[in-house]
Amino acid sequence: NAGVIQTPRHKVTGKGQEATLWCEPISGHSAVFWYRQTIVQGLEFLTYFRNQAPIDDSGMPKERFSAQMPNQSHSTLKIQSTQPQDSAVYLCASSLGARNSDYTFGSGTRLLVI
Amino acid sequence: AQKVTQTQTSISVMEKTTVTMDCVYETRDSSYFLFWYKQTASGEIVFLIRQDSYKKENATEGHYSLNFQKPKSSIGLIITATQIEDSAVYFCAMRENTEGADRLTFGKGTQLIIQP
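A word on the side chain of A:Thr13. Residue and element names in this part refer to chain A. Mapped onto the secondary structure, Thr13 falls in strand E2 (residues 10–13). Reaching out from Thr13, the side chain makes a polar contact with the side chain of Thr82 at a distance of 3.3 Å. Not counting chain neighbours up to four residues away, the residues in contact with Thr13 comprise Glu18, Ala19, Thr82, Leu111, Leu112, Val113 and Ile114.

It is possible for side chains of opposite charge to pair when their charged atoms get near one another. Evaluated as defined, the whole model comprises 7 salt bridges over all chains. The salt bridge involving A:Arg36 is made with A:Glu44; its shortest N-O contact spans 3.3 Å. Since its relative accessible area comes to 12%, A:Arg36 is described here as buried. Taking the shortest distance from any N to any O, the salt bridge between A:Lys62 and A:Asp57 comes out at 3.5 Å. On the basis of relative accessibility, which here comes to 43%, the residue A:Asp57 falls in the partly exposed class. Each of the salt bridges in this network shares a partner with another, and the network as a whole consists of B:Arg50, B:Asp52 and B:Lys55.

Residues and elements named next belong to chain A. Side chains of Val12, Leu112 and Ile114 sit close together on the surface and give an oily, nonpolar patch of about 300 Å² of accessible area. Take Leu112: it is sitting in strand E11 (residues 109–113). Residue Leu112 is classed as partly exposed on the basis of its relative accessible area, which comes to 42%.

Residue and element names in this part refer to chain A. Tallying each qualifying case throughout the model produces 2 disulfides over all chains. Between the sulfur atoms of Cys23 and its disulfide partner Cys92 the distance amounts to 1.9 Å. An S-S torsion of about -65 degrees defines the bridge between Cys23 and Cys92 as left-handed. Taken together, the positions of Cys23 in strand E3 (residues 19–24) and Cys92 in strand E9 (residues 88–95) put the pair 69 residues apart, joining distant regions of the chain.

Right, let's get into the interface of chain A and chain B. Facing the 20 residues of chain A at the interface are 20 residues of chain B. With both sides pooled, the region where chain A packs onto chain B buries about 1800 Å², and carbon together with sulfur makes up 48% of that total. The largest contributions to the chain A side of the interface with chain B come from A:Leu43, A:Arg99 and A:Asn100, which together make up 37% of the buried area. At the surface where chain A touches chain B, the tally comes to 2 salt bridges. Across the pair A:Arg50 and B:Asp102 runs a salt bridge whose closest N-O atoms are separated by 3.0 Å. Counting across the interface, chain A meets chain B through 10 residue pairs in polar contact (both at pLDDT 80 or more). If you list the elements that add at least two residues to the side of chain A that touches chain B, you get strand E4 (31–38) and strand E5 (42–50) of chain A.

Strand pairing in a sheet relies on backbone hydrogen bonds, with the paired strands running either antiparallel or parallel. Residue and element names in this part refer to chain A. Read across the open sheet, the 4 strands follow the order E1-E3-E8-E7; overall the sheet is antiparallel. Looking at which strands have only one partner, the edges of the open sheet turn out to be strand E1 (5–7) and strand E7 (65–71). Averaged over neighbouring strand pairs, the angle between their axes works out to 20 degrees when direction is ignored. In this sheet, strand E8 (residues 74–79) lies alongside E7 in antiparallel orientation, the contact comprising 5 bridges.

The rules behind each value
- Along each chain, numbering runs from 1 in the same order as the chain's sequence is written.
- Here the convention is simple: chains get letters from A, ligands get numbers from 1, in the order in which they are written.
- In keeping with the predicted nature of the model, local features appear solely for residues at pLDDT of at least 70, side-chain atom pairs appear and are counted solely at 80 or more, and the whole-chain, interface and lining totals rest on all residues.
- Side-chain metrics in this entry use all non-hydrogen atoms of the structure; hydrogen atoms and water are not considered.
- Each helix corresponds to a stretch of at least 4 residues labelled H or I by DSSP, and each strand to a stretch of at least 2 residues labelled E; elements are numbered beginning at the N terminus.
- Pairs of N or O atoms are called polar contacts if they sit within 3.5 Å, as long as, within protein, a hydrogen donor faces a hydrogen acceptor (for residues adjacent in sequence, only side-chain-to-side-chain pairs).
- The criterion used for residue contact is that any of the two residues' heavy atoms lie within 4.5 Å.
- When a carboxyl oxygen of Asp or Glu lies within 4 Å of a side-chain nitrogen of Lys or Arg, that pair is called a salt bridge.
- Residue exposure (1.4 Å probe, protein chains only): buried if accessible area is under 20% of the type maximum, exposed if over 50%, otherwise partly exposed.
- Within the patch definition used here, like charges are joined within 9 Å and nonpolar side chains (Val, Leu, Ile, Met, Phe, Trp, Tyr) within 5 Å, considering only residues with over 30% relative accessible area and no salt bridge.
- Working definition of accessibility: Shrake-Rupley area with a 1.4 Å probe, residue cover restricted to the visible protein chains.
- By disulfide we mean two sulfur atoms from cysteines, separated by a distance within 2.5 Å.
- By buried area we mean how much accessible surface two parts lose on assembly, using a 1.4 Å probe and totalling the loss over both.
- DSSP calls a pair of strands paired once it identifies at least 2 bridges connecting them.
- Think of each axis as a best-fit line through the C-alpha atoms, taken over the contacting stretch in the case of a helix, with angles from 0 to 180 degrees between the N-to-C directions.

Everything listed is a geometric property; what it means functionally is a separate question.
Take a look at the structure:
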């Protein structure tokens, strides 16, 4: 079990460019979550999927962020027209889906927008 | 809305001692789940221990244990016989036990420094 795999580990984009972040959850985990971590805001929920279906995207900035889960083995988070304030560590986590299930986090993608 | 508060920004203790990290939470639900996670210097976030709100006994896992005080909406993490490798940032988190409430809400974290 390789755990939750996130790629790339680091990404630098110019302001206004697009960034796509990838996540491969643990096989058999039905829930996939995306969080963003910054020094100021801490761990912020963005969105999550259950059995590939989008359930709650209430944490997503509406205009430029989107997430998909086209199959059970991967999810993507896309940021269009990146801004410096999007710089953060983006974390993907997966879980078995029960409410008392813990998350397994990936190592994160550190996004820097310059 | 649920809220999790960790007031201790940083704690420093000597190796082999016991440390307690505080966490208080807000929820309107009578049933919920509380978690503690550890983030190491490399950035890796690891699950440590969970408390189910309907259980009266405090959860324990290795040298981690919890001090669950439901009337005070408090869930403290106790680490006994601390080791250098326990140095990390510790996050408290909560999930309500209602349909659709699958996300975890995290506190801002407490940095623990273990001194030799």
